[in-house]
Amino acid sequence: MDIQLNIIVGLTLFALYSISIVSLVIVVLLENRNPLKTIPWVIVLLLLPGAGLIFYFIFGQDNRRQRIISRRTYKRIMRPLHVNHPVQDRCVVEPPYRPLASLLNRNHRNPLLYGSELSFYTSGTDKFEALLEEIGRAQHHIHLQYYIFGDDAIGRSVQQALIRKAQAGIQVRVIYDDVGSWNVKSAFFGEMRKAGIRVYPFLKVAFPVLTSKVNYRNHRKIVVIDGRVGFIGGMNIADRYVHGSSFGNWRDTHFKITGKGVHGLQSAFLIDWYVISKQFVNGKEYYPPEKIYSDNILQIVTSGPTGPWRTLVQAILFCIMNAKKYLYIQTPYFLPTEDLNQALQTVAQGGVDVRLMIPERSDTRTADMASHSFLDDMIKAGAKVYFYKAGFLHSKLLVMDDALTCIGSANFDFRSFEHNFEINAFVYQTAFACRMKAMFMNDLTHCEQIIPAHWRKRPLPKRLAESFMRLFSPLL
């Protein structure tokens, strides 16, 4: 009798488990994703039902249909960005890039912002000197958001500067990513809260192994001071950006925006602030009138795993397919989606001067291996690929045709395009594009170009390992 009961219970549990797995497979199919992403998940769920279920829960869920903020609240936060434009801000970009500007405005209501001054920093020392100087000048508010806010010498210097301003009566709001700053003790942020700073983690992860939030991180780097000066780029707050790492100097790029372009950073921060704190912050004091510093036009663009459109992928794809003369890219990790990979190869085959610069060795061995698997076809298509040898290249840059530049936090990889919350600026100005082109060309003096004949002679085990790691590129 006991044996029969055990058999019945076992069969019932097996049936329920099988039904749950089949149901989950049906859910995956009904999401209508790219087949290249759907098929692997179906195979994993069928062949490894136990482990596959856990992996899917953590890494596989599609959040595109989810909204993390209501349309009404989003419009309320974005409204000052649209209504505070003086007449001279009603600008238009050159005809070839008007569809891109329209796309970015239609997807996220990102307006064209006219007349900002842009400064750039290629060393952490210069960037943090500028940041601390601007923090010291703050008169009304400081908004700071980073993926990593380290508890080290640099992190402490920024923390203490913020505490001093908060104690002087300045509004200070801080967002840090809960996974990016996972090794920072709560006491570090507790000191800031005691001083009156409002500090929140983004998508707090209480049990990283058991939650689907762990795969969707806020990779943005935003600073806004008094609505007049802002920072955006690739550097987080940590010692490594000044002193380098175990394998050399840290070569990065960060930008200071002065003028109307800061208002785009402000709206992005305040949206994230509402999402995590449920505090609605708005008012003309956060979007003060600004004078005209230059003739550049820029759009601040946010992207993430929620919402119906992959805006950053669409924008980068537009840039690639509309390049006429050259397209130069710097990225620490080259793990492109299939459509971006094919687009780069297509324009390279069409005669566009495509140049890709990546670090000779990155801070992630698995990402290195997967990146290398994409280079064979890029080289065959006619693109020039360079290894940066003077340390770790962490810069994120796309510049094309002396006309358009894309700068910000996003790497040229699957994670930035599909999973992370990112922020980039598209700058429509010849002078700035030429400055970024000159910076790229200067970095070439520290690079070694990949020679196709040598590259093809890599040992078979190495090539197999690279191809194997490519299978996991969506997770790296």
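Calculation rules
Residues numbered from 1 in each chain as written. Predicted model: local features only at pLDDT ≥ 70, side-chain atom pairs only at ≥ 80, totals over all residues. Heavy atoms only, no water. Helix = DSSP H or I, 4+ residues; strand = E, 2+ residues; numbered from the N terminus. Buried < 20%, exposed > 50% of the residue type's maximum accessible area, 1.4 Å probe, protein only. Areas by Shrake-Rupley, 256 points an atom, 1.4 Å probe, with all protein chains shown as cover. Salt bridge = Lys/Arg side-chain N within 4 Å of Asp/Glu carboxyl O. Disulfide = S-S within 2.5 Å. 1 Å grid on protein atoms, 1.4 Å probe; cavity = no way out; pocket = protein on both sides within 12 Å on 5 of 7 lines; lining within 4 Å. Points joined across faces, edges and corners; volume = space filled by probe spheres on them. Pairing = 2+ DSSP bridges. Phe/Tyr/Trp six-rings, centres within 6.5 Å; stacked < 30°, edge-to-face > 60°. Lys NZ or Arg CZ within 6 Å of the ring centre and 35° of its normal. Contact = heavy atoms within 4.5 Å. Axes fitted to C-alpha atoms, helices over the stretch in contact; angles between N-to-C directions. pLDDT = per-residue confidence, 0-100. Parallel < 35°, antiparallel > 145°, perpendicular 65-115°, else oblique. Nonpolar A, V, L, I, M, F, W, Y, C, P; charged D, E, K, R; others polar.

### Section: the overall build of the protein
Summing up its helical and strand segments, the protein has 18 helices and 20 strands in all. Across the 476 residues that make up the protein, the buried fraction comes to 57%. By element, 59% of the accessible surface of the protein is carried by carbon and sulfur atoms, the whole surface being about 21000 Å².

### Notes on the pairing of strand β11 (residues 326–330)
Burial runs high along β11: five of the five residues are buried. Neither face of β11 is left uncovered, since the one carrying Tyr326, Tyr328 and Gln330 and the one carrying Leu327 and Ile329 both have all their residues buried.

### Considerations on the pattern of salt bridges
For the structure shown, the criterion picks out 16 salt bridges. Note that Arg220 is salt-bridged to Asp272, the shortest N-O span being 2.7 Å. Remark: Asp272 occurs in helix α10 (residues 262–277) and Arg220 occurs in the loop between β5 (198–202) and β6 (222–225); sequence separation between them is 52 residues. Taken individually, Arg220 and Asp272 each receive the classification buried, so the pair is uniform in this respect.

### Remarks on the state of the cysteines
As enumerated under the stated definition, the model contains zero disulfides in all. With no disulfide of its own, Cys319 lies closest to Cys406 among cysteine sulfurs, the gap being 6.4 Å. By relative accessible area, Cys319 is classed as buried at 0%.

### Here we look at empty space enclosed by the protein
Evaluation of the coordinates by the stated rule reveals three cavities of 30 Å³ or more. Its boundaries defined by the atoms lining it, the largest cavity holds a volume of some 130 Å³. Ile316, Leu397, Ala410, Phe412 and Asn424 are, among the 16 residues lining the largest cavity, the residues nearest its centre. Only α11 (311–321), β11, β16 (397–400) and β17 (404–408) provide two or more residues apiece to the lining of the largest cavity. Ranked by residue count, the leading element in the lining of the largest cavity is β17, at three residues.

### So, the pairing of strand β14 (residues 384–388)
Every other side chain in a regular strand lies on the same face of the sheet, so the side chains alternate between the two faces. In terms of residue burial, β14 counts as a mostly covered element, since four of its five residues are buried. As judged from the three bridges shared by β14 and strand β20 (residues 447–449), these two strands associate in the antiparallel manner. Residue pairing across strands places Tyr388 opposite Cys447, the latter belonging to β20.

### Section: the packing of aromatic side chains
Each pair of aromatic rings is reported with the distance of its centres and the angle of its planes. On inspection of all chains with the given rule, the structure shows 17 aromatic pairs. A ring pair is formed by Tyr176 and Phe189, whose centres lie 3.7 Å apart and whose planes are at 5°; its orientation type is stacked. Placement of Tyr176 in strand β4 (residues 171–177) and of Phe189 in helix α8 (residues 186–194) is noted, with a sequence separation of 13 residues between them. On the accessibility criterion, Tyr176 (8% relative accessible area) is buried. Directly above the ring of Trp455 sits Arg458, whose terminal nitrogen or CZ lies 4.0 Å from the centroid.

### Concerning the environment of Thr302
Structurally, Thr302 is set in strand β10 (residues 297–303). Of the residues examined, Thr302 reaches a relative accessible area of 15% and is grouped as buried. Note: C-alpha distance between Thr302 and Asn424 (122 residues apart in sequence) is 6.4 Å. Ignoring anything within four residues of it in the chain, the contact list for Thr302 reads His108, Arg220, Ala268, Thr311, Glu422 and Ile423.

### Topic: the sheet that holds β20
The nine strands lie next to each other as β1-β10-β19-β17-β16-β11-β13-β14-β20, forming an open sheet whose pairing is mixed. Only two strands of the sheet have a single partner each, and these edge strands are β1 (113–114) and β20. Sheet analysis places β11 next to strand β13 (residues 353–359), joined by five bridges and oriented parallel. Bridging from a neighbouring strand, Tyr328 pairs with Arg355 of β13. Contacting β10, β17 and β19 (422–428), helix α5 (residues 98–108) crosses the sheet at an angle of about 45° to β10.

### Considering the confidence of the model for the protein
In the predicted model, the protein carries a mean pLDDT of 84, and 78% of its residues have values of at least 70. Across residues 208–212, confidence stays below pLDDT 50; counting only partners more than four residues off in sequence or on other chains, it has nine contacts.

### Points about the packing of helix α6 (residues 124–137) against helix α7 (residues 153–167)
Relative to each other, α6 and α7 sit at 10°, their axes nearing to 9 Å. Viewed along their axes, α6 and α7 adopt a mutual orientation that is roughly parallel. Residue-level inspection shows Phe128, Leu131, Leu132, Ile135, Gly136 and Arg137 of α6 in contact with α7, the latter providing Ile154, Ser157, Val158, Ala161, Leu162 and Lys165. Looking at the contact of α6 with α7 residue by residue, the class counts come to eight nonpolar, two polar and two charged.

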